[in-house]
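Geometric and topological summary
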Amino acid sequence: MHVQFAELPVSDQDRAIAFYVDKLGLTVAADVPMGEGGWRWVELALPGAVTRLHFIRQTAAPQDDPVLVLVDADVVGWVERLRARGVEITSEPHEAPWQPGRVAAEFRDSEGNRMVVATS
């Protein structure tokens, strides 16, 4: 069993696609019309992962809590690459308060969503 997709709230699908493809290196797995109003069914694939990201309409201000935790062995490298690509880093790599010995950092996506990248 696996999770098919995780939902991410966005207000501008094109801007969000550009962010996730250009800044994080994801690929567009689906981008097709969905109903009226110009909204599309968008799924993004993460390298090496089965679960995809799916955009839903953002109906409120971004949450204070992280909406997504990405896992990678090199958090410092991730932060350096994100910063070089103009991504807003909101928390430098530090020991994760929820798990001693685990390193985590935080950033915001193009839609203002709070994200975490952490070691496994």
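The structure we're discussing is the one just above.
Structure report, in brief. Quantities reported herein were computed from a predicted structural model and do not represent experimental measurements.

**As for the overall build of the protein chain**
Helix and strand counts for the protein chain stand at two helices and eight strands. The order of helices and strands in the protein chain, counted from the N terminus, is β-α-β-β-β-β-α-β-β-β. Its C-alpha atoms give the protein chain a radius of gyration of 15 Å, near enough to 14 Å, the size a compact globule of 120 residues would have. Taking the principal axes of the C-alpha coordinates as reference, the protein chain spans close to 45 × 35 × 25 Å. Counting all 120 residues of the protein chain, 38% fall into the buried class.

**Some details on the nonpolar core**
Counting 25 residues, the largest nonpolar core has Y20, L24, F55 and F107 as the members making the most contacts within it. Where this core is concerned, the elements lending two or more residues are β1 (5–10), α1 (13–23), β3 (40–45), β4 (52–57), β5 (68–71), α2 (75–84), β7 (103–108) and β8 (114–118). Sequence-distant contacts of Y20, defined by excluding residues within four places in its chain, comprise L8, G25, L26, L44, L53, F55, D109 and M115.

**Let's talk about the packing of aromatic side chains**
If you walk through the whole model with that rule in mind, you get three aromatic pairs. Measuring from ring centre to ring centre gives 5.5 Å for F5 and W41, while their planes differ by 85°; the resulting arrangement is edge-to-face. A residue pair is termed long-range when its members are at least 10 positions apart, and F5 in strand β1 and W41 in strand β3 qualify at 36 residues. Of the residues examined, W41 reaches a relative accessible area of 25% and is grouped as partly exposed. Aromatic pair Y20 and F55: ring centres 6.1 Å apart, planes at 50°, arrangement tilted. Taken together, the residues Y20 in helix α1 and F55 in strand β4 connect sequence positions 35 residues apart. Pair check on accessibility: Y20 and F55 agree, each one buried.

**Section: the side chain of N113**
For N113, the location among the structural elements is in the loop between β7 and β8. In this structure the side chain of N113 is engaged in a polar contact, spanning 2.8 Å, whose partner is the backbone oxygen of P9. Beyond its immediate chain neighbours, meaning those up to four positions away, N113 contacts P9, Q58, P62, V67, F107 and R108.

**So, the sheet that holds β3**
Reading across the sheet, the four strands line up as β1-β4-β3-β2 and stay open at both edges, with mixed pairing between neighbours. The two strands at the open ends of the sheet, each matched to only one other strand, are β1 and β2 (27–33). Across this sheet, the average inter-strand angle for adjacent strands is 25°, counted without regard to direction. Taken together, the six bridges between β1 and β4 define a ladder with parallel strand orientation. Pairing of A6 across the sheet is with L53, part of β4.

Definitions and cut-offs
Residues numbered from 1 in each chain as written. Predicted model: local features only at pLDDT ≥ 70, side-chain atom pairs only at ≥ 80, totals over all residues. Heavy atoms only, no water. Helix = DSSP H or I, 4+ residues; strand = E, 2+ residues; numbered from the N terminus. Rg over C-alpha atoms; globule rule 2.2 N^0.38 Å. Buried < 20%, exposed > 50% of the residue type's maximum accessible area, 1.4 Å probe, protein only. Core = buried A, V, L, I, M, F, W, Y, C linked by side-chain atoms within 4.5 Å. Contact = heavy atoms within 4.5 Å. Phe/Tyr/Trp six-rings, centres within 6.5 Å; stacked < 30°, edge-to-face > 60°. Polar contact = N/O pair within 3.5 Å; in protein donor to acceptor, adjacent residues only side chain to side chain. Pairing = 2+ DSSP bridges. Axes fitted to C-alpha atoms, helices over the stretch in contact; angles between N-to-C directions.

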